[in-house]
Structures are given as C-alpha cells and as structure tokens.
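# Structural description and commentary
If you want the building blocks of each chain, they are given just below.
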Amino acid sequence: FVRYNVYRASAGVAIGSVAAVVVLMFIFVYWDTLITIYPVVLPLAGAIAFFLPAGISMDRKTLFQEQSRLQAELHTAHEMQMGLMPVADPVVKGYDISGLCVPANEVGGDFFDYVWLDRKQTKFGIALADVSGKAMKAAMTAVMTSGMIYRELGSSGTPKTILRRINKPLYAKLDQRMFTAMSLAVIDLRTKELVLSNAGQVHPLMLRDGQIQRLKVEGA
C-alpha cells in the first residue's frame, strides 16, 4: 500500500485471491479434497474494504494539493498582471484622467497604462491593449507587450510608428493563432493636441458638447 498505487495493490490482491480460488477448485476436482475458501475470500474483502477508501482519500488529498498550488500560481500571476497597470490616476495638469480594469478571471490579456514619452513630460501617452485568448497564456503575452511599450519610451515618433515598432517583434514571438489589439493615444500638453493610433481595438468614443463621436483611424 505504501510503495505502490492503492488501486494496483487492490487489483493485485484480487488477482492473487482469484488465482488461489482456482487452485483450490483444481485440488477439489482432481483429488476430491475440499479446502475452505474463507482464508482467501476474507483477505480479499478486507483488502478491498481498506485499499479503495484509502485510495480515494489519497486521490482527494493529491487533488487538493494540486488545486492549492494552481491557486497560488494564479494569485501570483494576478498580482503580476495587476502590477502592470496603474495603481492610481495620473496627475496631469489641466486634465482629469482615470482608468480601471476589472478582470473577468484571475488573469487575462487586458491591460492599460500611462506613459510619458519624453523626459520633459510634455507628451503623455495612454496605452490600451487586449490580447486574444484567456488565462495564463494571454496574461504572459500582456506582460511581454507591456515590456515592449516601455522599451519605446523616449523614442521619437508618432503613435503609429511606435505601434509599428512593437508589432514586428510581437508578431515574431506570438503564436500565429494569437494577436494583440492595441490603441495608443498621445496628448501634447503644449499644443493640446491628441494623436491616436488604433490597431484592432474598437473605435474610442469622444464626448464633446454633449455629442458622442467615434474616433475612426484611417489606414492599415
């Protein structure tokens, strides 16, 4: 029981018991000698009564330990993913900017972030991404995408060029069945101009003078 699987142990006892019964029947048939089978049946019944509950108990314990381990890993991944996103709203003079992400599961492929694109903090960026798929695979891709965004910090270029720079290595590393939809908006605090590049996301909505307008981006 300790060294082997409990189900194999009970199967071994059952096979041994059946074999013993066959031998006793052979002795009875050929030598007309009757030997009681209780010494064989009782160990079989006892083994089944002991091994099967013990096996079920061990399986439940193993399953509980595995579930606990997976839950701990999911919690760690959740904390990692939430750590990618802002914990507080940014302070940008003249603007009220706020964001929130509530995952449907422990982990997923959605994230957003705020970035300054220059050291003088005159260009403020808002990144929004959605990785196809769910769970851990999407979350890891989101982590990789976030790292690529930060790699582009300080680089000159429009949101379009930044997304193109991210797209090439991201395409090379992703499974062909996965993709990342992403939007990047940059606010120039000096000119009060917003420049938006949209790669596969739904059209952002702009509310102005009580009217809602979809911000459509032309081009590939």
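### Considering helix α4 (residues 159-173)
- Helix length check: α4, at 15 residues, gives a terminal C-alpha distance of 21 Å against a target of 21 Å (1.5 Å per residue), a fit within 8%.
- A bend of about 25° at Asn167 is the largest found in α4, and the proline Pro169 appears one to four places after it.
- Within the span of α4, buried status applies to Pro159, Ile162, Leu163, Ile166 and Leu170.

### Some points on the sheet that holds strand β2 (residues 123-131)
- Spatial strand order, β1-β2-β3-β4: 4 strands in an open sheet with antiparallel pairing. At either margin of the open sheet sits one strand with a lone partner, and together these are β1 (110-116) and β4 (193-199). The average undirected angle you get between the axes of adjacent strands in this sheet is 10°.
- Looking at chain direction, strand β3 (residues 180-188) and β4 are connected through 7 bridges and run antiparallel. Looking across to β4, one finds that Met182 is bridged to Ala199.
- Each of β3 and β4 is contacted by α4, which is oriented at about 150° to β3, the strand it contacts most.

Reading the values: the criteria
- Residues numbered from 1 in each chain as written.
- Predicted model: local features only at pLDDT ≥ 70, side-chain atom pairs only at ≥ 80, totals over all residues.
- Heavy atoms only, no water.
- Helix = DSSP H or I, 4+ residues; strand = E, 2+ residues; numbered from the N terminus.
- Expected span 1.5 Å × (residues − 1).
- Bend = angle between axes of the 7 residues up to and from the residue.
- Buried < 20%, exposed > 50% of the residue type's maximum accessible area, 1.4 Å probe, protein only.
- Pairing = 2+ DSSP bridges.
- Axes fitted to C-alpha atoms, helices over the stretch in contact; angles between N-to-C directions.
- Contact = heavy atoms within 4.5 Å.

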